[in-house]
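# Summary of structural features
Residue strings, one per chain:
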Amino acid sequence: MAKTRPGKRDLDSYTIRGTNKIVRVGDCVLMRPSDTSKPPYVARVEKIESDSRNNVKVRVRWYYRPEESIGGRRQFHGAKELFLSDHYDIQSAHTIEGKCVVHSFKNYTKLENVGAEDYYCRFEYKAATGAFTPDRVAVYCKCEMPYNPDDLMVQCEGCKDWYHPACVGMTIEEAKKLDHFVCSECSSDDDMKKPQATFPVSPGSDGKVEPKRRKR
């Protein structure tokens, strides 16, 4: 008569092999790819379980890098941008290399220093169809592109829109030296009132005027 297999048991945490780092459900982790020439995969741990032989498995929800998506990487995708996918998997816990933090887009733009383990996510992604949620995103500048936090932008004191230096005929070095900036459209308006506060450093900051939106 065949023996029944003992059931699996849920674990509260897992200590990454060779380290003192503890992984719990809800944490984001870096997982070793089969192709070692590629960067580690990023995933969110949904469940940790062990079998009778103490083999620890994790149920994960994968984050995709832009270049792994159907549409590929685009100009406005940041170097640390990830998409939270609907792709789930069961993996050996031994493939976890380390922990990381996936920030909201808003919180990421407020970081004073971006570390190697810092990423951000502003879209959810359906792996089978390539669809994104949300399917609309704020656009900026004359080029009408979404904000890439890796790019320097300057804010017009009149219309409050943000511009890439190259799109308004400036170098990055010139833009960094600016105390004030007025776009060409606003500079022709003699009645424009100058705000008293200095402009914030990026479109991710609080207090911005919401720009027009369009589909991605």
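Structural notes, computed from the coordinates. (Residues numbered from 1 in each chain as written. Predicted model: local features only at pLDDT ≥ 70, side-chain atom pairs only at ≥ 80, totals over all residues. Heavy atoms only, no water.)

Our focus in this paragraph is the side chain of E81. Within the element layout of this structure, E81 appears in strand β7 (residues 81–92). E81 sits in the buried class, given a relative accessible area of 1%. In this structure the side chain of E81 is engaged in a polar contact, spanning 3.1 Å, whose partner is the backbone nitrogen of G78. Within the structure, E81 has its side chain in polar contact with the side chain of R122 (distance 2.8 Å). Each residue touching E81, except ones within four places of it in the same chain, is listed here: R65, P66, F76, Y120, R122 and F123. (Helix = DSSP H or I, 4+ residues; strand = E, 2+ residues; numbered from the N terminus. Buried < 20%, exposed > 50% of the residue type's maximum accessible area, 1.4 Å probe, protein only. Polar contact = N/O pair within 3.5 Å; in protein donor to acceptor, adjacent residues only side chain to side chain. Contact = heavy atoms within 4.5 Å.)

Turning our attention to the pairing of β7. Here 7 bridges tie strand β6 (residues 56–64) to β7, and the two strands are oriented antiparallel to one another. Within β7, the position partnered with V58 by the bridge is Q91. By the bridge criterion, 5 bridges tie β7 to strand β9 (residues 118–125) in an arrangement that is parallel. Within the sheet, the bridge partner assigned to L84 lies in β9 and is E124. (Pairing = 2+ DSSP bridges.)

The next thing to look at is unusual backbone geometry. Here T133 and P134 are connected by a cis peptide whose omega angle stands at -5°. Within the secondary structure layout, P134 lies in the loop between β10 (132–133) and β11 (136–138). Located in the positive-phi region is C141, a residue other than glycine, with phi close to 70°. Its place among the elements puts C141 in the loop between β11 and β12 (154–155). Taking the relative accessible area as the measure of exposure, C141 reaches 6% and is therefore buried. Located in the positive-phi region is E144, a residue other than glycine, with phi close to 50°. Positionally, E144 belongs in the loop between β11 and β12. Owing to a relative accessible area of 25%, E144 belongs among the partly exposed residues under this scheme.

Ring pairs (aromatic) are described by centroid distance and by the angle formed between their planes. Under the defined criterion, the tally for this structure stands at 12 aromatic pairs. For the ring pair Y140 and Y147, a centre distance of 6.3 Å and an interplane angle of 70° mean the geometry is edge-to-face. There is no split in this pair, since Y140 and Y147 are both buried. Through a chain of ring-to-ring contacts, the aromatic side chains of Y64, F83, F123, Y125 and F132 assemble into a single cluster. Seen from the ring of Y119, K80 lies directly overhead, with NZ or CZ sitting 4.7 Å from the centre. (Phe/Tyr/Trp six-rings, centres within 6.5 Å; stacked < 30°, edge-to-face > 60°. Lys NZ or Arg CZ within 6 Å of the ring centre and 35° of its normal.)

Membership of the largest hydrophobic core comes to 23 residues, with the highest contact counts inside it found for V29, M31, I48, V58 and I96. If one sorts the elements of this core by residue count, β6 sits on top with 5 residues. In contact with I48, other than residues within four places in its own chain, are R9, D10, L11, D12, S13, Y14, V23, R24, V25, V56, K57 and V58. Counting residues in hydrophobic clusters, the runner-up holds 17 residues, among them Y120, A138, M153 and C156. (Core = buried A, V, L, I, M, F, W, Y, C linked by side-chain atoms within 4.5 Å.)

Tallying each qualifying case throughout the model produces 8 salt bridges. Close ionic contact of K47 with D10 constitutes a salt bridge, the shortest N to O distance being 3.8 Å. Taken together, the positions of K47 in strand β5 (residues 41–50) and D10 in strand β1 (residues 9–10) put the pair 37 residues apart, joining distant regions of the chain. With a shortest N-O distance of 3.0 Å, E46 and R44 are connected by a salt bridge. Given a relative accessible area of 26%, E46 falls into the partly exposed group. Residue class for R44 comes out partly exposed when judged on its relative accessible area of 24%. Several salt bridges converge on common partners, so that one network encompasses K8, D10, K47 and E49. (Salt bridge = Lys/Arg side-chain N within 4 Å of Asp/Glu carboxyl O.)

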